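Residue-level listing of the chains:
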Amino acid sequence: MTRYEPDIDVAALTAIDMHVHVEIDGHDHSSLPDDLTEAASRYFSTDGPRPDLDHIAAYYRERRMAAVVFTVDAETQLGHPPISSAEIAAGAARHADVLIPFGSVDPRRPDAVDRARRLIEDSGVRGFKFHPTVQGFDPSDERYYPLYAEIEAAGAVALFHTGQTGIGAGMPGGRGFRLALSNPMLLDGVAADFPALNIVMAHPSVPWQDEAISVATHKHNTWIDLSGWSPKYFPEQLVRAANAFLRERVLFGSDFPLLTPDRWLRDVEQTSLKPERLPGILRDNAARLLGL
């Protein structure tokens, strides 16, 4: 497989979307088991198409945007084989003008560190996506520190889902998923112990927005992405932070395909985010984080 190297003209972009899910691969294999996919569609009131990587690239190229693409490997928790992160990276290499691949490794696998190393060295991934609730792990547990050390040493990014999730919502017992594993305060100790690791706390961290802002204010190796919620519903304190003291570490993200960048950009006009802050949030902060 071809190793990914970015070929992105940042100045020509309108935005960099930090949060794009690859939900189906070239073999029609889904990222989630059928019951979770159906429940998530009900929760998000969507039954839209789930584009493959080539269609994602075309979608973002049409909008003069770049996209960080990833899946979630939660095989231990779900008993469902993941989409291949190596294949995502190879696909991103075909579309290196618009796609930036992140890998995913199930932290509970005994060979998680080796898998991460191979994705960095052989595939060229630029970061890793974690979903503590769906993967069923406490990100503050030091048993996962060797994995973070590997990512830090490579200069890659660690992006963590934070806040509540629609995955499992409405199913009996939420399908056994534990929301508390996605409290951003669990990442404070990780940021303290790995000061050179750039950590992205994904989504407005409902109901723990103040915790996320507190961590980001104190630990300058942490960032917040604005994916997964229409900007109309952003907590007031998040908008205030994005306009002021966190303006250089807040990142545009959509959560495509569940929320589209078109919808995000339309709805952001109804918020009090200052227009002069948008170029940084939409593009420049991400370009700096990703070393583009």
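Values in this document were obtained by computation on a predicted structure and should not be read as measured data. (Residues numbered from 1 in each chain as written. Predicted model: local features only at pLDDT ≥ 70, side-chain atom pairs only at ≥ 80, totals over all residues. Heavy atoms only, no water.)

Student: Account for the overall build of the protein, with residues named and values stated.
Tutor: Along the protein, the regular secondary structure elements total 12 helices and eight strands. In terms of overall dimensions, the protein is globule-like: its C-alpha atoms have a radius of gyration of 17 Å, near the 19 Å expected for 292 residues. Each principal axis of the C-alpha distribution contributes one length, and for the protein these read about 45 × 40 × 35 Å. By the burial criterion, 56% of the 292 residues in the protein qualify as buried. In the protein, the share of contacts with a sequence separation of at least 24, taken over all contacts with a separation of at least 6, comes to 80%. Total accessible area computed for the protein in this model is approximately 12,000 Å², and 49% of it derives from carbon and sulfur atoms. Averaging the positions of the 28 positive and the 41 negative side-chain charges in the protein gives two centres separated by 4 Å. (Helix = DSSP H or I, 4+ residues; strand = E, 2+ residues; numbered from the N terminus. Rg over C-alpha atoms; globule rule 2.2 N^0.38 Å. Buried < 20%, exposed > 50% of the residue type's maximum accessible area, 1.4 Å probe, protein only. Contact = heavy atoms within 4.5 Å. Areas by Shrake-Rupley, 256 points an atom, 1.4 Å probe, with all protein chains shown as cover. Lys, Arg positive; Asp, Glu negative; His and termini not counted. Charge placed at Lys NZ, Arg CZ, Asp CG, Glu CD.)

Student: Explain the sheet that holds strand β1 (residues 15-21) residue by residue, including any values.
Tutor: Spatially, the three strands line up as an open sheet ordered β1-β2-β3, and their pairing is parallel. Of all the strands in the sheet, the pair left with one neighbour each is β1 and β3 (99-101). The average undirected angle you get between the axes of adjacent strands in this sheet is 25°. Note that strand β2 (residues 65-70) and β3 share three bridges and pair parallel. (Pairing = 2+ DSSP bridges. Axes fitted to C-alpha atoms, helices over the stretch in contact; angles between N-to-C directions.)

Student: Explain the pattern of salt bridges residue by residue, including any values.
Tutor: For the structure on display, the rule yields 16 salt bridges. Between Asp141 and Arg143 there is a salt bridge, with the nearest N and O atoms lying 3.1 Å from each other. For Asp141, a relative accessible area of 26% gives the class partly exposed. Here Arg143 falls in the exposed class, since its relative accessible area comes to 61%. As a salt-bridge pair, Arg283 and Asp284 come within 2.8 Å of each other at their nearest N and O atoms. (Salt bridge = Lys/Arg side-chain N within 4 Å of Asp/Glu carboxyl O.)

Student: Go over the packing of aromatic side chains, please, and point to the residues and values.
Tutor: Taken as a whole and assessed by the stated rule, the structure comprises 13 aromatic pairs. Between Tyr145 and Phe194, the aromatic rings sit 4.8 Å apart at their centres with planes inclined by 80°, giving edge-to-face as the arrangement. Of this pair, Tyr145 sits in helix α7 (residues 145-153) while Phe194 sits in the loop between α8 (188-193) and β6 (198-202), placing them 49 residues apart in sequence. Using a relative accessible area of 15% as the deciding quantity, one classes Tyr145 as buried. Residue classification places Phe194 among the buried positions, given a relative accessible area of 7%. Ring geometry for Phe252 against Trp264: centres 4.8 Å apart, planes inclined by 65°, an arrangement best described as edge-to-face. One end of the pair, Phe252, is in the loop between β8 (250-251) and α11 (261-268); the other, Trp264, is in helix α11, and 12 residues separate them in sequence. Among the residues examined, Phe252 registers a relative accessible area of 0% and is labelled buried. On the basis of relative accessibility, which here comes to 0%, the residue Trp264 falls in the buried class. Site record: aromatic cluster; members linked through ring pairs are Phe130, Phe137, Tyr144, Tyr145, Tyr148, Phe160 and Phe194. (Phe/Tyr/Trp six-rings, centres within 6.5 Å; stacked < 30°, edge-to-face > 60°.)

Function-wise, these values are silent; they only describe arrangement.
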